[in-house]
Amino acid sequence: MFELLDYPFMQRALLAALLIGVAAPAVGIYLVQRRQALMGDGIGHVALTGVALGFLFESSPVWTAVAVSALGAVGMELLRASGRARGDIALAMLFYGGMAGGVMIINLAPGGSTANLTSYLWGSVTTVSPDDITAITLLSAFVVLVALGLRRQLFAVCQDEEFARVTGLPVRALNLLLAVTAAATVTVAMRVVGLLLVSALMVIPVVAAQQVTRGFATTLAAALTIGVLVSVSGTATSYYQDVPPGATIVLLAIGVFVLAALLAVPLARLRTRRARAATPGTPPGSPPGSPPDAGSDPDPALTARP
Amino acid sequence: MEPVISLTGVSAELGGQRVLHGVDLAVHPGEVVALLGANGSGKSTAVRAAVGQVPVSAGTLTLFGTPVRRFRDWARVGYVPQRSTAASGVPATVREVVAAGRLARRGLRPLRRADRAAVDLALDLVGLADRANDAVDALSGGQHQRVLIARALTAEPEVLIMDEPLAGVDLASQRVLAGTLRTLVADGVAVLLVLHETGPLQPLIDRAVVLAHGRVERTVEHPAGLPESPSCHPADAAEPSAESPLRTGIL
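Calculation rules
Residues numbered from 1 in each chain as written. Chains lettered and ligands numbered in written order. Predicted model: local features only at pLDDT ≥ 70, side-chain atom pairs only at ≥ 80, totals over all residues. Heavy atoms only, no water. pLDDT = per-residue confidence, 0-100. Helix = DSSP H or I, 4+ residues; strand = E, 2+ residues; numbered from the N terminus. Contact = heavy atoms within 4.5 Å. Salt bridge = Lys/Arg side-chain N within 4 Å of Asp/Glu carboxyl O. Buried < 20%, exposed > 50% of the residue type's maximum accessible area, 1.4 Å probe, protein only. Pairing = 2+ DSSP bridges. Axes fitted to C-alpha atoms, helices over the stretch in contact; angles between N-to-C directions. UniProt positions renumbered as here; feature names shortened; annotations may be inferred. Buried area = accessible area lost by both parts, 1.4 Å probe. Polar contact = N/O pair within 3.5 Å; in protein donor to acceptor, adjacent residues only side chain to side chain. Nonpolar A, V, L, I, M, F, W, Y, C, P; charged D, E, K, R; others polar.

### So, the confidence of the model for chain B
All names here are of chain B.
Reasoning step 1: Here chain B averages 86 in pLDDT, and 88% of its residues register 70 or above.
Reasoning step 2: Across chain B, the element-wise mean pLDDT spans from 41 in helix α7 (residues 234-238) up to 96 in helix α2 (residues 94-100).
Reasoning step 3: Contacts from residues 229-251, a stretch scored under 50 in pLDDT, to residues over four places away or in other chains number 61 contacts.
Reasoning step 4: Scored as a whole, the predicted complex attains pTM 0.86, and scored at its interfaces, ipTM 0.86.

This is the structure in structure tokens:
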């Protein structure tokens, strides 16, 4: 039926795309919730150093990338938690340090040059080897297990860290686990969309979903659906149209975001109308286009303040 | 009877500055104790120290007789942080936020049916059962405050520690809150709360402790005659964002 499924390299590509379509938004949602949407980018740049180390030691770049980006992510989390460095400055150091380290090390590797990094920077899903697939499957299984299995706990920590500590949750351990999980996601995604676009797949499906959702669980489910949809269809499109898969996936995701954002306004109006119908006696008020809270709020809250 | 919360000569520092100077305070089972005082008097620091979020530099602070540093039985403590007006990056429903409080009993295990029942009960108690599936961002200040209280109550705590539960809360919600507290106190729950103004909570308060510059200025038993709004600028109660930078709560 589908001609592209006849080729083993495309089977591997689509499987990799499917796995990353699930894993990236599953972790990304916590980073977005904590307003650390760019953390994936920071880790991606550090992973470049890891890839170059793989070339230097002539071992698998995926596993050295996992190790180095996990170290980077943990370092970032420790800096954030200590409050000693501003989040954006810590991130900037990682961006530049990771990039420069990668370029330096790859040129020290025997026969290595900056050209070796290209397929990791921009992704090259059609060259995924059977060994890569094993690594990608193992890493995504770990990521999905953590991100979905501990969703209540990670939600609580990212929503209100101090409260989470007072409930006795191991907040520091959960934060470090989230950092390592994000690092694993980045290395999984680097073969599919490339290190420079990794963060897009972690963030865009989530922000697209939340245009039309009201809860965390529904946002998570919608983000995973969008993630799988764009990564699989983007990979298929790249096969038929001979366009780069990473860029196709990201542009598709942005397309979904724009659609969702366009849907959000009429949806909010509909909800406001429904909420008003459900609570009789609510004074008509909010002008069209205002956020749903203004109209659906039955309490005379803001007017009654001292 | 052993106090639920006990501070003996407690001092604490924030950013190298001493904020509390030898504070003594005790809350016994079933008691409602209010901490009053002007901005910067150390009230919030005192309650954050009581929940282990500000280290104690001198003196002893115990929860149920255990020093706070070694205290692990957090399900017995319900904490209601100061409400933050900043929205979270991802929407969440009222039920989802309230359910987070139940993790004090479940830890790293998933929630079960009994936990969902506890969440329903807490939502009912604060009068938000019909808003359970609404986004928290769509709530008024008073309703949001009730969400944070419900979140603390899902763990079925023996003491409720609240930081400025009336700040930015409309009168209707203040009355709901007073009713909720009355029910809890009747069930034997102890309450320690930071207040700018006693408002409709006044009849419930057994003891008011007034802090000034990190010291206990005076203690008033059954403070019927206390001024409604002790030594604070009226704008503080109306505009929570104008308060100290120590706000926590929903990010």
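Read on, since the account is not over.
### Considering the pattern of salt bridges
Residue and element names in this part refer to chain A.
Reasoning step 1: The full count for this structure, using the stated rule, is 18 salt bridges over all chains.
Reasoning step 2: Across the salt bridge formed by Arg80 and Glu161, the nearest N and O atoms sit 3.1 Å from each other. Placement of Arg80 in helix α3 (residues 61-82) and of Glu161 in helix α8 (residues 161-166) is noted, with a sequence separation of 81 residues between them.
Reasoning step 3: On the basis of relative accessibility, which here comes to 27%, the residue Arg80 falls in the partly exposed class.
Reasoning step 4: The salt bridge involving Arg191 is made with Asp132; its shortest N-O contact spans 2.5 Å. Of this pair, Arg191 sits in the loop between α9 (171-190) and α10 (198-209) while Asp132 sits in helix α6 (residues 130-149), and the two are 59 residues apart along the sequence.

### A short note on the sheet that holds strand β3 (residues 32-37) of chain B
Residues and elements named next belong to chain B.
Reasoning step 1: A sheet is described by the order of its strands in space; here six strands give the open sequence β6-β7-β8-β3-β9-β10, paired in mixed fashion. Pairing within the sheet leaves two strands with one partner each, and these edge strands are β6 (77-80) and β10 (215-221). Strand-to-strand, the axes of this sheet are offset by a mean angle of 15°, without reference to chain direction.
Reasoning step 2: For β6 and strand β7 (residues 159-163), the ladder comprises four bridges, and the chain directions are parallel. Within β7, the position partnered with Gly78 by the bridge is Leu160.
Reasoning step 3: Along the sheet, helix α1 (residues 43-50) contacts β3, β6, β7, β8 (190-194) and β9 (207-212); its crossing angle with β3, the most-contacted strand, is approximately 140°.
Reasoning step 4: Helix-sheet contacts for helix α5 (residues 141-153) involve β6 and β7, and the interaxial angle to β6 is about 165°.

### Description of the environment of Gln211 of chain A
Residue and element names in this part refer to chain A.
Reasoning step 1: Mapped onto the fold, Gln211 is located in the loop between α10 and α11 (216-241).
Reasoning step 2: Judged by its relative accessible area of 28%, Gln211 falls in the partly exposed class.
Reasoning step 3: Residues Gln211 and Tyr240 lie 29 residues apart in sequence; the distance between their C-alpha atoms is 31 Å.
Reasoning step 4: Among residues more than four places away in sequence, those in contact with Gln211 are Phe257, Ala260, Ala261 and Ala264.

### Some remarks on the UniProt feature "transmembrane region" (unreviewed entry) in chain A
Residues and elements named next belong to chain A.
Reasoning step 1: In the UniProt entry, the feature "transmembrane region" (unreviewed entry) is given for residues 12-31, 91-113, 133-151, 163-182, 188-208, 220-240 and 246-268.
Reasoning step 2: Annotation note: span residues 163-182, helix share 80%, strand share 0%, distance between end C-alpha atoms 23 Å.
Reasoning step 3: Structurally, residues 220-240 comprises 100% helix and 0% strand, and the distance from its first C-alpha atom to its last is 30 Å.

### Structural notes on the interface of chain A and chain B
Reasoning step 1: Contacts between the two partners involve 40 residues from chain A and, on the opposite side, 46 residues from chain B.
Reasoning step 2: Note on chain A versus chain B: buried area summed over both sides is about 3,600 Å², and carbon and sulfur give 57% of it.
Reasoning step 3: Applying the counting rule to chain A against chain B returns three salt bridges.
Reasoning step 4: A salt bridge links Arg151 of chain B to Asp160 of chain A, with the nearest nitrogen and oxygen atoms 2.9 Å apart.
Reasoning step 5: Joining chain A to chain B, the criterion identifies twelve residue pairs in polar contact (both at pLDDT 80 or more).
Reasoning step 6: Broken down by secondary-structure element, the contributors of at least two residues to the side of chain A that touches chain B are α1 (8-33), α7 (151-159), α8, α11 and α13 (292-296) of chain A.
Reasoning step 7: Tallying contributions element by element places α7 of chain A first for the side of chain A that touches chain B, with six residues.
Reasoning step 8: Grouping the amino acids of the side of chain A that touches chain B by side-chain chemistry returns 19 nonpolar, ten polar and eleven charged.

### Overview of the sheet that holds strand β1 (residues 5-14) of chain B
Residue and element names in this part refer to chain B.
Reasoning step 1: The four strands lie next to each other as β2-β1-β4-β5, forming an open sheet whose pairing is antiparallel. Lying at the two open borders of the sheet, with one neighbouring strand each, are β2 (17-27) and β5 (66-67).
Reasoning step 2: Here seven bridges tie β1 to β2, and the two strands are oriented antiparallel to one another. When the sheet's bridge partners are listed, Ala12 is paired in β2 with Leu20.
Reasoning step 3: Where α1 meets the sheet, it contacts β1, β2 and β4 (56-63), and its direction lies at approximately 60° from that of β4.

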